[in-house]
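So you can see what is in the structure, the chains are spelled out below.
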Amino acid sequence: MANVSRKNARAAVMLFGVAAGMLGLAYASVPLYRIFCQVTGLGGTPGVAVSAPEIASDVDFSVRFDANTNQNLPWRFKPVQQEVKLKLGEEGLAFYEATNLSDKAITGTATFNVTPLKVGQYFVKIDCFCFTEQTLLPGETVDMPVTFYVDPAINDDINTRDVKTITLSYTFYPQVDGEKVSELREPSKSGVKG
């Protein structure tokens, strides 16, 4: 009888360990997936660098810009330019413009991706406003720069040689502290710079 109790206790401890491990893996999966995407470019996740290569190629490339806002964020958000043409490896600079349409200060945070998804690892950000809280005062308009380059290795990859245009897309979401997102006011149509 004591032998059966020990086996049951051992089985219970093992099951508890498996459950705890699965719970830990569930919490770690999001940051691990984010790191995996940044390393591999999976899901259109761009690379990150401190500067562009010293020498650009002679191959022309286009980068288009897209902007979106979550329905609960009363901002107007748009790219200042629709497209930039540059050489592979050449440093590019683009601007997005955000305007707070409400009558109170609101903080937002942007996420991003690139399409087509298969070229994510070749689009390299040097500096951007993504994942950084941006607070805009009522009616305030700000320019947000993005510095980037397209890695010349995109032409060496048989799966991406056909791509000559990449779209960089940002989506802004409200950053809410102690207030439900649904409680944000609707956009005000008066007194906005445009």
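To keep things clear, this report deals only with the structure shown in the data block. Just so we're clear, the structure is a prediction, and the values are computed from it rather than from any experiment.

## Brief notes about unusual backbone geometry
- Residue Thr-115 is joined to Pro-116 through a cis peptide bond whose omega torsion reads 0 degrees.
- Counting through the fold element by element, Pro-116 comes out in the loop between strand E6 (106-115) and strand E7 (123-127).

## Here's the deal with the pattern of salt bridges
- In the structure shown here, the tally under the stated rule is 5 salt bridges.
- Lys-85 serves as the salt-bridge partner of Glu-83, at 3.7 Å between the closest nitrogen and oxygen.

## Describing the packing of aromatic side chains
- For the structure shown, the criterion picks out 12 aromatic pairs.
- Look at Tyr-96 and Phe-129: their rings are 5.8 Å apart centre to centre, the planes differ by 70 degrees, and that puts the pair in the edge-to-face class. Taken together, the residues Tyr-96 in strand E5 (residues 92-100) and Phe-129 in the loop between E7 and strand E8 (134-136) connect sequence positions 33 residues apart. Per residue, the accessibility class of Tyr-96 equals that of Phe-129, and both read buried.
- Taking 5.2 Å as the distance between ring centres and 20 degrees as the angle between the ring planes, the aromatic pair formed by Phe-123 and Phe-148 counts as stacked. Highlighted residues: Phe-123 in strand E7 and Phe-148 in strand E9 (residues 141-150), separated in sequence by 25 residues. Like Phe-123, the residue Phe-148 is buried in the burial classification.
- Taken together, Phe-65, Trp-75, Phe-77, Tyr-96, Phe-112, Phe-123, Phe-129, Phe-148, Tyr-170 and Phe-172 form an aromatic cluster joined through their ring pairs.

## Brief notes about the nonpolar core
- Ranked by size, the top nonpolar core spans 34 residues in total, and within it Tyr-96, Phe-129, Ile-166 and Tyr-170 carry the most contacts.
- The contact partners of Phe-129, leaving out residues within four places of it in the chain, are Phe-77, Tyr-96, Ala-110, Gln-134, Met-144, Pro-145, Val-146, Tyr-170 and Phe-172.

## Side note on the pairing of strand E2 (residues 60-69)
- Pairing geometry for E2 and strand E4 (residues 83-87), over 5 bridges, is antiparallel. Across the sheet, residue Asp-60 finds its bridge partner in E4, namely Lys-87.
- The sheet contact formed by E2 and strand E10 (residues 165-174) spans 8 bridges and is parallel. Pairing of Phe-65 across the sheet is with Leu-168, part of E10.

Reading guide: rules and limits
Residues numbered from 1 in each chain as written. Predicted model: local features only at pLDDT ≥ 70, side-chain atom pairs only at ≥ 80, totals over all residues. Heavy atoms only, no water. Helix = DSSP H or I, 4+ residues; strand = E, 2+ residues; numbered from the N terminus. Salt bridge = Lys/Arg side-chain N within 4 Å of Asp/Glu carboxyl O. Phe/Tyr/Trp six-rings, centres within 6.5 Å; stacked < 30°, edge-to-face > 60°. Buried < 20%, exposed > 50% of the residue type's maximum accessible area, 1.4 Å probe, protein only. Core = buried A, V, L, I, M, F, W, Y, C linked by side-chain atoms within 4.5 Å. Contact = heavy atoms within 4.5 Å. Pairing = 2+ DSSP bridges.

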